[in-house]
Structures are given as C-alpha cells and as structure tokens.
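# Coordinates in review
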Amino acid sequence: MPRYRLRVNGRDHEVEAESDMPLLWVLRDLLGLTGTRYGCGIGQCGSCTVHLDGMAVRSCLLPVAQTAGRQIVTIEGLASGEGLHPVQQAWLDAAVAQCGYCQSGMIMQAAAAWDAGQRTQQALEAALAGNLCRCGSHEQIREALRLLTEKPS
Ligand code: FES
Ligand code: FES
C-alpha cells in the first residue's frame, strides 16, 4: 500500500493508505482526529469540512493522494495555542451548538471565509449556504455571525 506524508495541524504524519481513500477516513481512522465528521459521504452536507492550503474542502470527497505535502487543518488545529479562532469564539458566545454534530464543519467553513477576508454577515452566510444542520441551528449561526462581524477586528 502506498505511504503518504501529510502535514496536519502543523505536524507531519506518515500514513499507509490506498490512494483513493478519502482524507476524512485518514483523519478519523488513521490519525484519530475525530472532530471532522462523516455526514453524507457525497459532498452534500459539509460536516466533513477541513482546510487544505487555507481553502475549505469536503474531506469525504478528497483522495488522500491529492493532499500529500499540502497544509491540512482540522477543527483540532484551528485555535492557536490557548486563543480560539474568532469564529470559534463567536460560536461559543452565541451558544450555537445543539447536538453539535455538524458544527466542526460549519466552523471550518466559516473560518476559511473569514481568513480569506470575507468579513460581512452576508458573505459568511453565503459561504455557509451549503452546510446542513439537522438540528436547525441556523438562527443561532446567524447570531454568531452577527457577533463576529460587529466586533472590531
Ligand atoms: S460528509 Fe462530506 S459533505 Fe457530507
Ligand atoms: S447542531 Fe445538530 S446537526 Fe447541527
């Protein structure tokens, strides 16, 4: 089986996996990073969202072979030290999570947009339009985005 060197949350890992194994399973099953969630497995829900070279991607659709040598960030690596990412802080302040299942994907999606300079409520809502929440936390997400975008940065 091929071996791949992956850079995840600032650390190098070597994994042995079939080239078409989705990154989601590498993260969860081989590296134990279970904060990234399996929802639909077909790119439709967003619960598996991680960052690849700063872009939000759906890890259920991304073969591990395409991620070697690139910068991967998961929810476990989003905070820097003790400091939460501004999106994480807003999520806490607005008490967004219900069951929480979809929330790591929501946060990673919003954080990629935020980091890319999309800092209006409208732009962030548009970035999150394809992320699904079966608990219906969308009103609390809107509130978190309001807190985030109204805070001086
Ligand atoms: S699990 Fe990847 S988009 Fe749903
Ligand atoms: S908080 Fe439960 S699925 Fe979104």
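Model, not experiment: these values are computed from the prediction. (Residues numbered from 1 in each chain as written. Chains lettered and ligands numbered in written order. Predicted model: local features only at pLDDT ≥ 70, side-chain atom pairs only at ≥ 80, totals over all residues.)

In terms of backbone geometry, most residues other than glycine have negative phi values and most peptide bonds are trans. Within the chain, Asn9 stands out as a residue other than glycine whose phi angle is a positive 50°. Following the sequence through the fold, Asn9 ends up in the loop between strand 1 (3-8) and strand 2 (11-16). At Asp53, a residue that is not glycine, the phi angle is positive and equals roughly 50°. For Asp53, the position within the fold is in the loop between strand 3 (49-52) and strand 4 (55-58). (Helix = DSSP H or I, 4+ residues; strand = E, 2+ residues; numbered from the N terminus.)

The next point concerns the domain arrangement of the chain. Partitioning the chain into structural domains gives domain 1 (3-77) and domain 2 (86-150). Distance from the C-alpha centre of domain 1 to the C-alpha centre of domain 2: 21 Å. Within the residue set of the side of domain 1 that touches domain 2, elements represented by two or more residues are strand 3 and strand 4. Each residue belonging to the side of domain 1 that touches domain 2 can be placed in one class, and the counts come to 6 nonpolar, 8 polar and 1 charged. (Domains from an automatic or database assignment. Nonpolar A, V, L, I, M, F, W, Y, C, P; charged D, E, K, R; others polar.)

This part is about the pairing of strand 2. Along strand 2, only 0 of the 6 residues are buried, which leaves the element largely exposed. The turn joining strand 1 and strand 2, which pair antiparallel and follow one another in sequence, is formed by 2 residues; a positive phi near 50° is taken by Asn9. (Buried ≥ 20, exposed ≤ 12 C-beta atoms within 10 Å, placed from the backbone. Pairing = 2+ DSSP bridges.)

Okay, the pairing of strand 1 next. Burial along strand 1 is one-sided: Tyr4, Leu6 and Val8 are buried, while Arg3, Arg5 and Arg7, pointing the other way, are not. Pairing of strand 1 with strand 2 involves 6 bridges; the strand directions are antiparallel. Residue Tyr4 lies in a different strand from strand 2, and its bridge partner there is Val15. The sheet contact formed by strand 1 and strand 5 (residues 71-73) spans 2 bridges and is parallel. Of the residues in strand 5, the one forming a bridge with Arg7 is Gln71.

Let's shift gears to the packing of helix 2 (residues 86-93) against helix 5 (residues 138-150). Remark: helix 2 packs on helix 5, axes separated minimally by 8 Å, with the N-to-C direction vectors making an angle of 125°. Relative to helix 5, helix 2 is oriented oblique. The two elements helix 2 and helix 5 cross, and the hand of that crossing is right-handed. Touching Pro86, Val87, Ala90, Trp91 and Asp93 of helix 2 are Ala144, Leu147 and Leu148, all from helix 5. Considered class by class, the residues forming the contact of helix 2 with helix 5 number 7 nonpolar, no polar and 1 charged. (Axes fitted to C-alpha atoms, helices over the stretch in contact; angles between N-to-C directions. Parallel < 35°, antiparallel > 145°, perpendicular 65-115°, else oblique. Left-handed = near helix turned anticlockwise from the far one by under 90°. Contact = placed C-beta atoms within 7 Å.)

Either a parallel or an antiparallel arrangement is found when strands of a sheet pair, and the pairing is made through backbone hydrogen bonds. Strand order in the open sheet formed by 5 strands is 2-1-5-3-4, and the pairing between neighbours is mixed. For this open sheet the edge positions go to strand 2 and strand 4, each flanked by a neighbour on one side alone. Going from strand to strand, the sheet's axes swing by 40° on average, the running direction of each strand aside. In the sheet, strand 3 pairs with strand 4 via 4 bridges, with the strands oriented antiparallel. The residue bridging Leu52 from the neighbouring strand is Met55, located in strand 4. In the packing of helix 3 (residues 103-115) onto the sheet, contacts are made with strand 3 and strand 4, and the angle to strand 3 comes to roughly 35°.

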